[in-house]
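Tertiary structure, described
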Amino acid sequence: MTFDLAARLAERRTAHLYRQRPLLEGPQGPEVVVDGQALLAFCSNDYLGLANHPEVIAAMRAGAERWGVGGGASHLVIGHSAPHHELEDALAEFTGRPRALLFSTGYMANLAAVTALVGQGDTVLEDRLNHASLLDAGLLSGARFSRYLHNDAVSLSNRLRKAEGNTLVVTDGVFSMDGDLADLPALCAEARRANAWVMVDDAHGFGPLGATGGGIVEHFGLGLEDVPVLVGTLGKAFGTAGAFVAGSEELIETLIQFARPYIYTTSQPPAVACASLRSLQLLRDESWRREDLNRLIARFRAGAAEIGLSLMDSPTPIQPILIGDSERALQLSALLKERGLLVGAIRPPTVPAGSARLRVTLSALHSEAQLERLFDALAECWPLVNRDA
Ligand SMILES: *Cc1c(COP(=O)(O)O)cnc(C)c1O
């Protein structure tokens, strides 16, 4: 037996599922240069336009001058610096929770929280469309793992009835590839009836959602009792890097004691924490970013409907255009690129088979004129790939 990698790669290419990395030659922003071509991008998760903000850059530079560049060791050894600690305090205050714990990535925060809370003899129930990191975390935990129908409290309730041991219900807050919101009031009510805990990964809700950018729990007015485990990431609307889990004193101490993806890894560079502290302030205070974004979202949905595109039920800056077939999704993305627009085609296995889509994302920094350019190109290109037209 050998590893026949060439055959695996060829098969992926034939299925129109081969993935390539666009090479970015500058910072995040609506106008980018990719592989030498100037493009207007609608695919970044930098929803509030903070990834290239001069004050955030200055905070990171000052942080590096003061704290150096490397974290140096794990948090438990000698890697937990004052900026990390200050950021945790600020995130706890922001989320209105007793404590928050900082991680280097959202993927690791999710692995850490799920595996520290449930194991053999327990149950983890996840939305079918949860982010890959949550599904991986559930499998890694060793708990009985089951997926309920997307956003379906009845399907969750049926599974809760058969659950054993400590039971953790896990969901994205804003679904990353669809843009819709978890029906948290209904899901939390079911969980509470069954004495289960709810964990929400709100990677895409923090920033765009809620009056102060507090995400889906702020949007629905839910507290610690409803959602004991709240995860946010810092690489999206915060524009920096890292992630956090916010919850009770006991939850955070449990993670510090038992979460292997927390314990056995080097802390993020303290300068990154300095940048996140600044971006947290901008994210909370500059509500014009959310207002501009909401205006663009409404305008996008109206304009896309006029062209006859199928949108998803999304009130967020994630506004996918459903195509279905992977090849056609790639074609549409390529046609847009020829016209100077960058919108990524998202295909299985990231999304379910037969639901390939263009994942349009909007940023507070997009102008109305840039949105019009997107509409013009879509109106021209959509009929070229739409066989039903
Ligand atoms: C991006 C994302 C993550 C992973 O966060 P990183 O910090 O990029 O590792 C986790 N969950 C969801 C829902 C995401 O969209």
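Residues numbered from 1 in each chain as written. Predicted model: local features only at pLDDT ≥ 70, side-chain atom pairs only at ≥ 80, totals over all residues. Heavy atoms only, no water.

**Points about the packing of helix 13 (residues 288–307) against helix 15 (residues 368–385)**
- Two elements in contact, helix 13 and helix 15, have axes separated by 10 Å at closest approach and are oriented at 20°. As the angle between them shows, helix 13 and helix 15 are arranged roughly parallel. In the crossing of helix 13 with helix 15, the sense of the turn from one axis to the other is right-handed. Residues Leu296, Arg299, Phe300, Gly303, Ala304 and Ile307 of helix 13 touch helix 15, and the partners they reach there are Glu368, Leu371, Glu372, Leu374, Phe375, Leu378, Ala379 and Trp382.
- Residue composition of the contact of helix 13 with helix 15, by class: 10 nonpolar, one polar and three charged. (Axes fitted to C-alpha atoms, helices over the stretch in contact; angles between N-to-C directions. Helix = DSSP H or I, 4+ residues; strand = E, 2+ residues; numbered from the N terminus. Parallel < 35°, antiparallel > 145°, perpendicular 65-115°, else oblique. Left-handed = near helix turned anticlockwise from the far one by under 90°. Contact = heavy atoms within 4.5 Å. Nonpolar A, V, L, I, M, F, W, Y, C, P; charged D, E, K, R; others polar.)

**Things to note about the packing of aromatic side chains**
- Under the definition given, this model contains six aromatic pairs.
- With centroids separated by 5.3 Å and ring planes inclined at 70°, the aromatic side chains of Phe103 and Tyr262 adopt a geometry described as edge-to-face. With Phe103 in strand 3 (residues 99–103) and Tyr262 in helix 11 (residues 260–263), this residue pair connects regions lying 159 residues apart in the sequence.
- Owing to a relative accessible area of 3%, Phe103 belongs among the buried residues under this scheme.
- Residue Tyr262 is classed as buried on the basis of its relative accessible area, which comes to 5%.
- With a centroid separation of 6.0 Å and 25° between ring planes, the pair formed by Phe300 and Phe375 is classed as stacked. Here Phe300 is found in helix 13, whereas its partner Phe375 is found in helix 15, with 75 residues between them in sequence. (Phe/Tyr/Trp six-rings, centres within 6.5 Å; stacked < 30°, edge-to-face > 60°. Buried < 20%, exposed > 50% of the residue type's maximum accessible area, 1.4 Å probe, protein only.)

**Some thoughts on the sheet that holds strand 11 (residues 341–342)**
- Taken in spatial order, the three strands of this open sheet run 1-2-11, and their pairing is mixed. Single-partner strands in this sheet number two, and they are strand 1 (31–34) and strand 11.
- Two elements, strand 2 (residues 37–41) and strand 11, share two bridges in a ladder whose sense is parallel. Paired with Leu40 across the two strands is Leu341, which belongs to strand 11. (Pairing = 2+ DSSP bridges.)

**Here's the deal with the pairing of strand 2**
- In this sheet, strand 2 lies alongside strand 1 in antiparallel orientation, the contact comprising four bridges. Residue pairing for strand 2: Val33 is matched across the bridge by Ala38.
- As consecutive antiparallel partners, strand 1 and strand 2 are separated by two residues, and within that stretch Asp35 has a phi angle of approximately 50°, a positive value.

**Points about the state of the cysteines**
- One pass over the structure, following the stated rule, counts zero disulfides.
- Unpaired in terms of disulfides, Cys43 finds its nearest cysteine sulfur in Cys381, a separation of 16 Å.
- Look at Cys43 and you get partly exposed, because its relative accessible area is 28%. (Disulfide = S-S within 2.5 Å.)

**Considering the sheet that holds strand 13 (residues 356–361)**
- Spatially, the three strands line up as an open sheet ordered 10-13-12, and their pairing is antiparallel. The open sheet terminates on both sides in strands that have one partner only, identified here as strand 10 (318–324) and strand 12 (344–346). Between one strand axis and the next, the sheet turns through 30° on average, direction left out of account.
- Where strand 12 and strand 13 come together, three bridges link them in antiparallel fashion. Looking across to strand 13, one finds that Ala345 is bridged to Leu358.

**Some remarks on unusual backbone geometry**
- The amide bond that connects Pro348 to the next residue, Pro349, takes the cis arrangement and shows omega of 10°.
- With respect to the secondary-structure elements, Pro349 resides in the loop between strand 12 and strand 13.
- Even without being a glycine, His16 presents a positive backbone phi close to 60°.
- The topology assignment puts His16 in the loop between helix 1 (5–14) and strand 1.
- Looking at His16, the relative accessible area reads 29%, which means it is partly exposed.
- The phi torsion at Asn195 lies on the positive side, around 65°, for a residue other than glycine.
- Of note, Asn195 is situated in the loop between helix 8 (184–193) and strand 7 (197–201).

**Description of the domain arrangement of the protein**
- Domain annotation for the protein reports domain 1 (22–48 + 287–386) and domain 2 (54–285).
- Once you take the C-alpha centre of each, domain 1 and domain 2 turn out to be 27 Å apart.
- Opposite the 21 residues of domain 1 that make contact, domain 2 presents 22 residues.
- Taken over both partners, the interface formed by domain 1 and domain 2 buries close to 1600 Å², and the fraction arising from carbon and sulfur atoms is 60%.
- Taken together, the links from domain 1 to domain 2 amount to one salt bridge.
- Note that Arg357 is salt-bridged to Asp178, the shortest N-O span being 2.9 Å.
- Between the two partners, domain 1 and domain 2, sit 10 residue pairs in polar contact (both at pLDDT 80 or more).
- Of all the elements in the fold, those that place two or more residues in the side of domain 1 that touches domain 2 are helix 13, strand 10 and strand 13.
- The class makeup of the residues in the side of domain 1 that touches domain 2 is 11 nonpolar, five polar and five charged. (Domains from an automatic or database assignment. Buried area = accessible area lost by both parts, 1.4 Å probe. Salt bridge = Lys/Arg side-chain N within 4 Å of Asp/Glu carboxyl O. Polar contact = N/O pair within 3.5 Å; in protein donor to acceptor, adjacent residues only side chain to side chain.)

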